[in-house]
Amino acid sequence: MALGNRAAQVIYMEEGDQARLGQQDIVLVDAFGRSVSRKRVDNDIDHEQTGKQNHSFYMHKEIHEQPDTVARTLVHSYHLKDQLELDFMEIDRLSIIACGTSYYAAMVAKYWFEQLAALPVDIDVASEFRYRSPLMSNSGLAVFISQSGETADTLAALKYARSNQQQTLAVVNVAASSIAREADMSVQTQAGPEIGVASTKAFTAQLSVLGSLAIQAAQQRRQFSAEMARAAFTTLAGVPQKLEQILSMESQLEAIGNSLTDARDAYFIGRGSSYPIAMEGALKLKEISYIHAEGFGAGELKHGPIALIESGVPVFVIAPNNDLLEKTLSNMQEVVARGGRCILLGDKHSIKACGDDQVECIEIPESDPFTSPLLYVAALQLIAYYAALAKGTDVDQPRNLAKSVTVE
Ligand code: M6R
């Protein structure tokens, strides 16, 4: 992407390769100094896609692209198990490894694969996984999630898994990336180039791939009939339209974002698959607005974090209508009782069940609990975006951060 429209073709060098560029030719040698030839591939980046169009920041453009990028990724993911020749009956354990936002996609996927497909899942941040000598099952599948496909820790973790005889699957946004090339199988999320440092559309595209795979695993493992699988796909297919609805609530989300400018801290709580969304909401806010933000499993509050609640501190409560709603609302009441400013994200039913005028409510379209992570995160992305905009930070290039972390 960095070569933009300056190169029609690209040669991807392997680890240790060196190249000498002459006026007429390119001489390539491998790590042992042997002359090698590497394939030239077309650089097919669509330059239209890499512009900001009418948006002030890439992040804003990328948030708004999500109805399309999710729809495209879902179409691409519909027959994945056949394209990848994966038999989930033969797999007894999934290990999912990633960093940052991609790790939160792994966290959501753990709920999905365990609940829908009855498949045990281990998740790890790559920088921990690679150094803790994890024991891996002989019939395991190790999945590596990365937008860039170049994250150094994730790549090293992938090499570790391969050396432990794991089948490896990469879920990347950049098809020709190092992680895609190193893995046995790879799936490309159809998010298109993501330029803003804060990952947005790549996350919902990752969830689209992982959700589709979880349905296919559920069917192969006889947890879902063909009809149940179809119904689950139909639910996923409804996400783009609901995302449109959330994006049309922009002025309400902007007002909440603006109201955070004087906040020193902000907290995000959720249960089940809303717990990773709470973590992701906090990461988005802290990385671009520099407001200190943390996400917690709502049930963990009373084990320590509730000591942080003081008058007016914003607490975002991710509360879709599911089996855990009542418990989440009761955790929210503990925050209200200590003077916290609660902002509830929930559907009609959750808001009615909350029934507390002190709580500010953001109404998210009703959805099946399975797809709620893809929806609630979009609202949090916009809130973080507007908080950063109001604080005047460089939204696309926040301080101290790089788009892809290619060193340890
Ligand atoms: O390219 P990757 O998905 O491997 O990157 C992982 C993280 O570095 C990335 O998600 C980072 O946390 C983002 N800044 C989050 O917005």
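Above this text sits the structure in question.
An account of the accompanying structure is given in this report. (Residues numbered from 1 in each chain as written. Predicted model: local features only at pLDDT ≥ 70, side-chain atom pairs only at ≥ 80, totals over all residues. Heavy atoms only, no water.)

Digging into the site of the ligand
Where we set the bar: We call a residue near a given molecule or strand whenever any one of its heavy atoms falls within 4 Å of it. Under the rule applied, a polar contact is a pair of N or O atoms within 3.5 Å (in protein, one hydrogen donor and one hydrogen acceptor; residues adjacent in sequence only if both atoms are side-chain atoms). Here a helix means four or more residues in a row that DSSP labels H or I, a strand means two or more in a row labelled E, and each is numbered from the N terminus. Charged residues are taken to be Asp, Glu, Lys and Arg, nonpolar residues to be Ala, Val, Leu, Ile, Met, Phe, Trp, Tyr, Cys and Pro, and polar residues to be all remaining types, Gly included.
Around the ligand sit 13 residues, and of these Ser102, Ser146, Gln147, Thr151 and Glu287 come closest. Separating an oxygen atom of the ligand from a side-chain N or O atom of Ser102 is a distance of 2.6 Å. One of the side-chain nitrogen or oxygen atoms of Thr151 is found 2.4 Å away from an oxygen atom of the ligand. Elements represented by at least two residues in the shell around the ligand include exactly helix 4 (100–117) and helix 12 (274–289). The greatest single-element share of the shell around the ligand, amounting to three residues, is contributed by helix 4. Residue composition of the shell around the ligand, grouped by class: three nonpolar, eight polar and two charged.

Describing helix 4
Condition: Helix span, as expected, comes to 1.5 Å for every residue beyond the first.
In a regular helix each residue adds 1.5 Å, so 18 residues correspond to 26 Å; helix 4 covers 25 Å between its end C-alpha atoms and thus fits that length. Ala118 occupies a position one or two residues after helix 4 and carries a positive phi of about 50 degrees.

Description of the environment of Thr393
Using the following cut-off: By definition in these notes, contact holds between two residues if any of their heavy atoms fall within 4.5 Å.
Relative to the helices and strands, Thr393 is located in the segment after helix 15 (372–391). Those residues in contact with Thr393 that lie beyond four places of it in its chain are Ile288, Ser289, Tyr290 and Ala388. Side-chain polar atoms of Thr393 contact the backbone oxygen of Ile288, separated by 2.7 Å.

Points about the pattern of salt bridges
Defined as follows: We count a salt bridge whenever a side-chain nitrogen from Lys or Arg sits within 4 Å of a carboxyl oxygen from Asp or Glu. Note on exposure labels: buried denotes an accessible area under 20% of the residue type's maximum, exposed denotes more than 50%, and partly exposed covers the range between, all computed with a 1.4 Å probe on protein chains only.
According to the stated counting rule, one finds 20 salt bridges in the structure shown. The residue Asp30 makes a salt bridge to Arg34 at a minimum N-O spacing of 2.9 Å. Looking at Arg34, the relative accessible area reads 48%, which means it is partly exposed. The salt bridge partner of Lys284 is Glu287, with a shortest N-O separation of 3.5 Å. In this pair, Lys284 and Glu287 both sit in helix 12, three residues apart, roughly one turn of the helix.

Focus on unusual backbone geometry
For residues other than glycine, phi is negative in most cases, and the peptide bonds are mostly trans. The phi dihedral of Gln53 is positive, around 50 degrees, even though this residue is not glycine. With respect to the helices and strands, the residue Gln53 is situated in the loop between strand 4 (40–42) and helix 1 (58–64). A positive phi angle, close to 55 degrees, is found at Glu85, a residue other than glycine. Here Glu85 shows up in the loop between helix 3 (80–84) and strand 5 (93–98).

What to know about the pairing of strand 8 (residues 167–172)
Threshold: Seen with its strands pointing away from the viewer, a crossover is right-handed if its path from the first strand over the helix to the second goes clockwise. Strand pairing is defined by DSSP finding a minimum of two bridges between the two strands.
Within strand 8, five of the six residues are buried, which leaves the element mostly enclosed by the surrounding structure. You can see the chain leave strand 7 (residues 140–146), run along helix 6 (residues 152–163) and come back into strand 8, and the turn it takes is right-handed. Two strands pair when backbone bridges link them, and strand 8 and strand 9 (residues 185–188) are joined in this way by four bridges, in the parallel orientation. Within the sheet, the bridge partner assigned to Val171 lies in strand 9 and is Val187.

What about the sheet that holds strand 13 (residues 341–346)?
So the rule is basically this: Here an axis means a line fitted to C-alpha atoms, over the contact stretch when the element is a helix, while the angle between two N-to-C directions is reported on a 0 to 180 degree scale.
The strand order across the open sheet formed by five strands is 11-10-12-13-14, and the pairing between neighbours is parallel. Edge positions in the open sheet fall to strand 11 (292–297) and strand 14 (360–363), since each of these has one partner strand only. Across this sheet, the average inter-strand angle for adjacent strands is 20 degrees, counted without regard to direction. Here strand 13 runs beside strand 14; their pairing, made up of four bridges, is parallel. Considered in strand 14, the bridge of Ile343 is made with Glu360. On the sheet, helix 11 (residues 250–258) packs against strand 12 (314–318), strand 13 and strand 14 and is oriented at approximately 145 degrees with respect to strand 14.

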